Structure formats: C-alpha cells, structure tokens
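In case you want the letters, here they are:
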Amino acid sequence: MNSGEEPEELTAAERGLAAHLTLLQDGPEAPASLTRQIVRTARWQQSVRSPLLAIAHLVSAAMETIRLLVGGGTR
C-alpha cells in the first residue's frame, strides 16, 4: 500500500484476522514459571524421543514381518 493512497476496505477475513491479532497483542504477559515449565517439558520429551522411535521401528519391522508371513507379501 502506498502512503499517498487511502486504505482499501478490508474483507471479512481481514477484519477477523485484525481482531484476533489485536486480542493477541493486548494479552497479558506470560509468567516466568510458564517458560520454565515449557523448557522442562521439552527436555524430557527430547530424552524420551530416541527410545520411543527405536521401539516404533522395532514394532513396525515386526508387523511387516507378520504381514509378509501371513499375507503373502503383496501390497
């Protein structure tokens, strides 16, 4: 939009977005405890991710083996 032009009329979607953004902008600040809680949650999830992925891969391989033995191997 050029600075010399008048602003165009907003569509309904743009008005709704502007209202949502205004609500987010005027929202209260997050407490410091929330940041600590998020970091703590991210840390335990990161430490659990690798073992869970390994288990998922093993289960997937076992299911594929069962499918090949029982189903004849065609997809």
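It should be noted that the structure appears before, not after, this text.
This report concerns the structure included in the present document. Numbering of residues starts from 1 in each chain and follows the order in which that chain's sequence is written. Local features in this predicted model are restricted to residues of pLDDT 70 or higher, and side-chain atom pairs are both shown and tallied only at a pLDDT of 80 or more, whereas totals for entire chains, interfaces and linings draw on every residue. In computing side-chain properties, one takes all heavy atoms of the structure into account and sets aside hydrogens as well as water.

### Comments concerning the overall build of the protein chain
The way it works is that DSSP assigns letters per residue, a run of H or I at least four long becomes a helix, a run of E at least two long becomes a strand, and they are numbered from the N terminus. The secondary structure content of the protein chain amounts to two helices and zero strands. With a 1.4 Å probe rolled over the protein chains alone, any residue whose accessible area is under 20% of its type maximum counts as buried; one over 50% counts as exposed, and the rest are partly exposed. A burial count over the protein chain gives 0% of its 75 residues as buried. Methods summary: accessible areas were calculated by the Shrake-Rupley approach with a probe of 1.4 Å, and residue burial reflects only the protein chains presented. As displayed, the protein chain has an accessible area near 7,200 Å², and 62% of this comes from carbon and sulfur atoms.

### Some remarks on helix α2 (residues 32–71)
Every helix has an expected span of 1.5 Å times one less than the residues it contains. Between its terminal C-alpha atoms α2 stretches 55 Å, which fits the 58 Å expected from 40 residues at 1.5 Å a residue. Along α2, the sharpest change in direction is near 35° and occurs at Arg 49; proline Pro 51 comes one to four residues later. The seven residues ending at a residue and the seven starting there each receive a fitted axis; the angle between those axes is the bend at that residue.

### Digging into the pattern of salt bridges
The salt bridge definition used is simple: a Lys or Arg side-chain nitrogen within 4 Å of an Asp or Glu carboxyl oxygen. Within the structure shown, the criterion is met by two salt bridges. Note that Glu 9 and Arg 15 form a salt bridge whose closest N and O atoms lie 4.0 Å from each other. By relative accessible area, Glu 9 is classed as exposed at 71%. The salt bridge involving Glu 64 is made with Arg 67; its shortest N-O contact spans 2.6 Å. On the criterion of helical spacing, the pair formed by Glu 64 and Arg 67 is a turn pair, its members being three residues apart in helix α2. The exposure class of Glu 64 is partly exposed, given its relative accessible area of 29%. Residue Arg 67 is classed as partly exposed on the basis of its relative accessible area, which comes to 27%.

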